[in-house]
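# Summary of the model geometry
One-letter residues, chain by chain:
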Amino acid sequence: MRKITIWSLLIMFMLTSGCRKEEVKPDEQDVVQVKSIKREDSKKVIFFMVDSLMSQAIDDGIKQNKLPAFQYLTEHGMYYKDMVSSFPTMSVTIDSSLITGTYPNRHHVPGLIWYSADKKKVINYGTGPMEIWKQGGNEVLQDALINLNGNHLNPQIPTIYEDLAKHGLKSGSINGLIYRGAANHRLTMPDWLTGITSLPKEVQVKGPDFFALGSLANPLETVKELPDGLTKRLGLSNEYSMKAVKYLIKENKLPDFLFVYLPDLDQKLHKKGPQERSGVEELDKQLGSLLPQFGSPQEALRKNIFIIAGDSGMTSLYSAQNNSVVDLPSLLKEYSVLKQGKSVTDETDIVLAVNETMAYVYNFNKENSLRDVAHALTSDPRIDIVSWKENEWIHALQGETNKEVKYTSNGSMVDRYQQKWTVEQDLDVLDLKLNTKNQKLSYGKYPDVLQRLSGALHSHSGEFLVVTAKPGYELADRSSPTHEGGGGHGSLHEKESLVPLIICGTNEKPQFLRIIDIKPYLLKLLTKD
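A few points on the structure.

### Details of the packing of helix 4 (residues 68-75) against helix 13 (residues 278-290)
Running from N to C, helix 4 and helix 13 cross one another at 65°; their axes reach a closest spacing of 7 Å. Judged by the angle between their axes, helix 4 and helix 13 are roughly perpendicular. Between helix 4 and helix 13, the residues in contact are P68, A69 and F70 and V280, L283, D284, L287 and G288, respectively. Of the residues assigned to the contact of helix 4 with helix 13, the class counts are six nonpolar, one polar and one charged.

### Topic: the side chain of S97
With respect to the helices and strands, S97 occurs in helix 5 (residues 91-100). Looking at S97, the relative accessible area reads 0%, which means it is buried. With near-sequence residues (within four places) excluded, S97 lies in contact with S86, T102, Y103, P104, H107, I515 and I516.

### Some details on the environment of V429
By the element assignment, V429 lies in the loop between strand 18 (420-425) and strand 19 (432-435). In this structure, the C-alpha to C-alpha distance between V429 and T401, residues 28 residues apart in sequence, is 9.5 Å. Among residues more than four places away in sequence, those in contact with V429 are I385, A396, L397, Q398, K403, E404, V405 and Y446.

### Things to note about the sheet that holds strand 9 (residues 257-262)
Ordered by their spatial adjacency, seven strands build an open sheet running 2-24-10-1-9-5-8, and the pairing between neighbours is mixed. Every interior strand has two partners, whereas the edge strands, strand 2 (77-84) and strand 8 (210-212), have only one. Averaged over neighbouring strand pairs, the angle between their axes works out to 15° when direction is ignored. Sheet topology places strand 5 (residues 171-174) next to strand 9; four bridges connect them, and they run parallel. Within strand 9, the position partnered with G172 by the bridge is L258. Contacts between helix 11 (residues 238-250) and the sheet are confined to strand 1 (44-50), strand 5, strand 8 and strand 9, with strand 9 contributing the most and set at about 155° to the helix.

### Observations concerning the pairing of strand 13 (residues 350-355)
Within strand 13, six of the six residues are buried, leaving the element largely enclosed by the surrounding structure. Residues I350, L352 and V354 line one face of strand 13 and the alternating positions V351, A353 and N355 line the opposite face, and both faces are buried. Sheet topology note: the strand 13/strand 14 (residues 358-363) ladder contains six bridges and is antiparallel. The partner of I350 across the bridge, within strand 14, is N363. Linking two consecutive strands that pair antiparallel, namely strand 13 and strand 14, is a turn of two residues; a positive phi of about 60° is found at E356 within it.

### Let's talk about the nonpolar core
Counting 80 residues, the largest nonpolar core has F47, F257, I307, V423, L430 and L450 as its most contacted members. Among the elements that line this core, the one with the most residues is helix 19 (residues 518-527), at six residues. When neighbours within four sequence positions are excluded, L430 is seen to be in contact with I385, A396, V405, Y407, Y446, V449 and L450.

### Observations regarding unusual backbone geometry
Of note, the bond from F87 into P88 is cis; its omega dihedral lies within 30 degrees of zero at -5°. Mapped onto the elements of the fold, P88 is located in the loop between strand 2 and helix 5. Here the phi dihedral of Q439 falls at roughly 60°; this positive angle occurs in a residue that is not glycine. Within the secondary structure layout, Q439 lies in the loop between strand 19 and strand 20 (440-443).

### Some thoughts on the packing of helix 11 against helix 13
Between helix 11 and helix 13, the shortest axis-to-axis distance is 10 Å and the interhelical angle comes to 10°. Taken together, the axis directions place helix 11 and helix 13 in an arrangement best described as roughly parallel. The residues of helix 13 that touch helix 11, namely those facing N238, M242, V245, K246 and I249, are L283, Q286, L287, S289 and L290. Of the residues contributing to the contact of helix 11 with helix 13, the split by class is six nonpolar, three polar and one charged.

### Structural notes on helix 3 (residues 55-63)
Counting buried positions along helix 3 yields seven of nine residues, so the element is predominantly enclosed. Every buried residue of helix 3 is listed here: S55, A57, I58, D59, D60, G61 and I62. In this structure, the buried side of helix 3 is in contact with helix 4, strand 2, helix 13 and strand 24 (498-504). Within two residues after helix 3, N65 carries a phi angle of roughly 60°, on the positive side.

### Digging into the packing of aromatic side chains
Tallied over the full model, the rule gives 14 aromatic pairs. Each ring, one from Y360 and one from Y362, has its centre 6.1 Å from the other, and the planes form 40°; the classification is tilted. One exposure class covers both Y360 and Y362, and it is buried. With 6.4 Å between their ring centres and 25° between their planes, Y417 and Y443 make a pair best called stacked. Of this pair, Y417 sits in the loop between strand 17 (404-414) and strand 18 while Y443 sits in strand 20, and the two are 26 residues apart along the sequence. Residue classification places Y443 among the buried residues on the basis of a relative accessible area of 16%. Three or more aromatic residues joined by ring pairs make a cluster, and in this case those are Y115, Y360, Y362, F364 and F464.

About the cut-offs
- Residues numbered from 1 in each chain as written.
- Predicted model: local features only at pLDDT ≥ 70, side-chain atom pairs only at ≥ 80, totals over all residues.
- Heavy atoms only, no water.
- Axes fitted to C-alpha atoms, helices over the stretch in contact; angles between N-to-C directions.
- Helix = DSSP H or I, 4+ residues; strand = E, 2+ residues; numbered from the N terminus.
- Parallel < 35°, antiparallel > 145°, perpendicular 65-115°, else oblique.
- Contact = heavy atoms within 4.5 Å.
- Nonpolar A, V, L, I, M, F, W, Y, C, P; charged D, E, K, R; others polar.
- Buried < 20%, exposed > 50% of the residue type's maximum accessible area, 1.4 Å probe, protein only.
- Pairing = 2+ DSSP bridges.
- Core = buried A, V, L, I, M, F, W, Y, C linked by side-chain atoms within 4.5 Å.
- Phe/Tyr/Trp six-rings, centres within 6.5 Å; stacked < 30°, edge-to-face > 60°.

This is how it looks when you write it as structure tokens:
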């Protein structure tokens, strides 16, 4: 989900500087110290996060006998098709939720792009080339490679890597963009990059015991050749991730917990739409080649717990001829909308931060109410929901109809996750159903919408709206990347929010099927002995 854009930016800098990747000194202690010690005879947990993996693709492939690895894993484990992702459904936010067990209101990573009131600037971790160029490639790299884990991710909320270290357990991350842990590491920037940006040559970071991040942190440099060159996307690929995992298996150096990010599928789905199937078939071959590394698939599940999850779904976008792109500056033409790359001034009314099918819309003119701005947006029938917080209440307007619902935490209504709410006015706006006899709330096409929407609205300071597009459409600023006729994600809708979860090697189940419930589940698996 757009993580690869950061690497694309690095490649762009490399090409324009006319330089090649140079050798970097690896952190060899990663390999020496990574092997599990405390739980050497216990099952290891290997977690594969597959960017934009969807259950429909798995089901179709199994029916057509094209996914033998997935068929084996689903038949020998637990297969769920409706785990609820975070919101917005963008990788940095989702991975932050997975690693911390919290929504953005606690982990403080609001999206792939957002406005920081403290820094008085737009924070962009890597959206599209034109948007990055206008906002400044140097700043984007600083935020993505240094600030995201260094200070944007809430330091008061422990990550799974930090919690495992407290238990004396070993952990690892391969190509995970959210990696903060207890062990010291370094990112090594190539000379060609430091020569044309203000990035330092080396950046000291905290991560898990084993830490690999493409060509920037390759602890296997001297012992295993990994594909991390220019033609291999600098290592941010399934090939790199899988080869690193296989090395750890072969050398009997698996940590107690290993996170593995597999990015390739997302790019194909953005281009061709969620109906694309070649990507999941290639993924199946890669997973199929991994299991025999333990001797046999049976032995793999005897020694390990394998977990495979998608991070978000994806919706099919209409073609350009069908007006799939909602141009937000046009809808807000009555306001002074900040141009990308410019700074906020006294003349600025609105700042946009577009996360594909979701956007933050910031109000800087106190004479304009959020409700007025919301009505300007809901006038377009392609808008799904516009929401904002007002005192203790969250308000949501339905696109086109302007029907309204408002809610607040605590109250007599209880949802399936044992969360309590007070909801007033038109529940249909968020597709909620209430059993008046027992006050049970149930969710429809917007899973866990009350908590997820609240999480985004309380993720950072400022006066802003949260806007989502109806399925088939995506939002855009002047230079936002678009995917007409392909696939998109970011919104609250179930098509983009429900992801598959496959668990093999244990009968233990998560308490709830949400991305934020996976961290406590993993800790239970790893510390129950």
